[in-house]
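# Close look at the chain arrangement
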Amino acid sequence: MIDIGTGDGLFVYQSARRNPQKFYIGVDANSRPLEKVSEKVHRKPAKGGLSNVLFIQAAVEDLPSELNGVADEVHVHFPWGSLLRAVAAGDLEALRNLRRICLPRAVLEVIVGLDPERDSSEIERLGLPALTIEHIDSALAAEYKNAGFEIFERGVMASSEWPEFQTSWAKRLKGNTNRTLIYIIARAC
Ligand SMILES: C[S@@+](CC[C@H](N)C(=O)[O-])C[C@H]1O[C@@H](n2cnc3c(N)ncnc32)[C@H](O)[C@@H]1O
């Protein structure tokens, strides 16, 4: 499993702990949030160490070729900046990079949580369209398809309906009632 824009790696770390038979890779463009968790996984097992995890500093625009075709599951949770633009505006090159790291039939899960008011300057800066079901169906689905992904599930949830996502940003953003969560689940084809 590969988590792109993993931040502090909490989702990857906890998933790896729960499933020792599966290998987990957390990728983020910024090395700073990766520092703590990268150090932790190298401790002794009794002190939180894990042998089925790897963290990599890389941007979605420039994923290492060693990741080609290794993932049967790719996650992008609460992306920001160019990663948000890639999945929400359908940046073809970045989506193709996500496809490149997938095995055939791999599942891509994208979760975006935006507050149209609070995040207005970032939305404007990135030139993002309003991320609605209509936008996903009328525009994004075709971009994902061009990149080799078939969207088979998508939906919108109010912040009160959010399930327990084990990511630091999910916890941080959950209290805000203006924030809607949009999810896209696609299959590599
Ligand atoms: C809001 S944080 C979410 C972190 C984590 N997924 C979570 O849910 O807690 C967004 C992350 O995306 C990363 N990011 C932004 N642009 C990126 C890019 N082009 N490639 C990879 N990571 C990127 C940022 O460094 C940041 O850690």
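Residues numbered from 1 in each chain as written. Predicted model: local features only at pLDDT ≥ 70, side-chain atom pairs only at ≥ 80, totals over all residues.

### Some thoughts on the site of the ligand
Close to the ligand lie 22 residues; Gly5, Gly7, Leu83, Thr167 and Trp169 are nearest. Those elements giving two or more residues to the shell around the ligand turn out to be helix H3 (81-90) and helix H7 (168-173). Class assignment of the residues belonging to the shell around the ligand gives a composition of 11 nonpolar, nine polar and two charged. (Near = placed C-beta within 6 Å. Helix = DSSP H or I, 4+ residues; strand = E, 2+ residues; numbered from the N terminus. Nonpolar A, V, L, I, M, F, W, Y, C, P; charged D, E, K, R; others polar.)

### Topic: the packing of helix H4 (residues 92-100) against helix H6 (residues 133-147)
It is the contact of H4 with H6, at a shortest axis distance of 8 Å, that shows an interaxial angle of 55°. It follows that H4 is oblique to H6 by the angle criterion. Of the two possible hands of crossing, H4 and H6 adopt the one that is right-handed. Counting all contacts with H4, which are made through Leu92, Leu95, Arg96 and Arg99, the residues of H6 involved are Glu143, Tyr144, Asn146 and Ala147. Each residue belonging to the contact of H4 with H6 can be placed in one class, and the counts come to four nonpolar, one polar and three charged. (Axes fitted to C-alpha atoms, helices over the stretch in contact; angles between N-to-C directions. Parallel < 35°, antiparallel > 145°, perpendicular 65-115°, else oblique. Left-handed = near helix turned anticlockwise from the far one by under 90°. Contact = placed C-beta atoms within 7 Å.)

### Things to note about unusual backbone geometry
Look at phenylalanine 78: it is not a glycine, yet its phi comes out positive at around 50°. When you line up the elements, phenylalanine 78 lands in the loop between strand S4 (71-77) and H3. On the neighbour-count criterion, phenylalanine 78 (22 C-beta atoms within 10 Å) is buried. (Buried ≥ 20, exposed ≤ 12 C-beta atoms within 10 Å, placed from the backbone.)

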